[in-house]
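Single-letter residue listing:
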Amino acid sequence: MRATAPGPDAEEEKPVSRKEKGYTLVVVDDNPWENQFTEMILRDITDVAGYRFFSMGWQAFNYLDVCRAGGTFPDVILVDLLMEDMTGFAWIEHFERELWPAFPDCLVFVFSHSALESDRAKAATYSSVRAFLPKPLTPSTFDAYIRPLLP
């Protein structure tokens, strides 16, 4: 940390807007290999400011409760359908009931290898879910599905 005294011509510090500092993501997925690949992609997307991975749905909820208490929330959440502690659909139901009303601008995406039309149709029934993203995440998937919905 550097200490400087502002001079008479110093510009007043302005708050950084959301776009200038980038977007934050939470990934809820219990597959370590998928998470490693997803992290490589997120690291290379310049307007992604930060991301957190959770291998268990309840870990993610604990983190999101802390975010709620601090008045901040991630911009995007990617949720896998098949997890050990709960399904992605159970996770989304709890999220919509407990957290989404306070942060309705948070973009939730189902993030899965599932090719079942029934999974896609069910994902579309949730108010918080913006789209069904096929795994693996790629820069073009991010640009096609997520980027157009970001402010």
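From a predicted model like this one, the values you see are computed outputs, not experimental measurements. (Residues numbered from 1 in each chain as written. Predicted model: local features only at pLDDT ≥ 70, side-chain atom pairs only at ≥ 80, totals over all residues. Heavy atoms only, no water.)

Once that is clear, we can look at the nonpolar core. In this structure, Leu64, Phe73, Ile77, Trp91 and Phe95 are the most contacted members of the largest nonpolar core, which totals 27 residues. Counting only elements with at least two residues in this core, the list comes to β1 (23-28), α3 (57-70), β3 (76-79), α4 (88-98), β4 (107-112) and β5 (129-134). In this structure, Leu64 is in contact with Val26, Phe73, Pro74, Ile77, Trp91, Phe95 and Leu99, ignoring residues within four places of it in sequence. Core analysis: the second largest hydrophobic core is formed by 18 residues, Leu25, Leu78, Ala131 and Leu137 among them. (Core = buried A, V, L, I, M, F, W, Y, C linked by side-chain atoms within 4.5 Å. Buried < 20%, exposed > 50% of the residue type's maximum accessible area, 1.4 Å probe, protein only. Helix = DSSP H or I, 4+ residues; strand = E, 2+ residues; numbered from the N terminus. Contact = heavy atoms within 4.5 Å.)

Moving on: the UniProt feature "modified residue: 4-aspartylphosphate" (unreviewed entry) in the protein. Within this structure's numbering, the places UniProt gives as "modified residue: 4-aspartylphosphate" (unreviewed entry) are Asp80. What makes Asp80 buried here is its relative accessible area of 6%. (UniProt positions renumbered as here; feature names shortened; annotations may be inferred.)

Across the sheet, 5 strands lie side by side as β2-β1-β3-β4-β5; this open sheet has parallel pairing. Here the strands that pair on one side only, and so sit at the sheet edges, are β2 (48-54) and β5. Going from strand to strand, the sheet's axes swing by 20° on average, the running direction of each strand aside. The strands that helix α2 (residues 32-44) touches are β1, β2 and β4; relative to β2, the one it contacts most, it runs at about 170°. (Pairing = 2+ DSSP bridges. Axes fitted to C-alpha atoms, helices over the stretch in contact; angles between N-to-C directions.)

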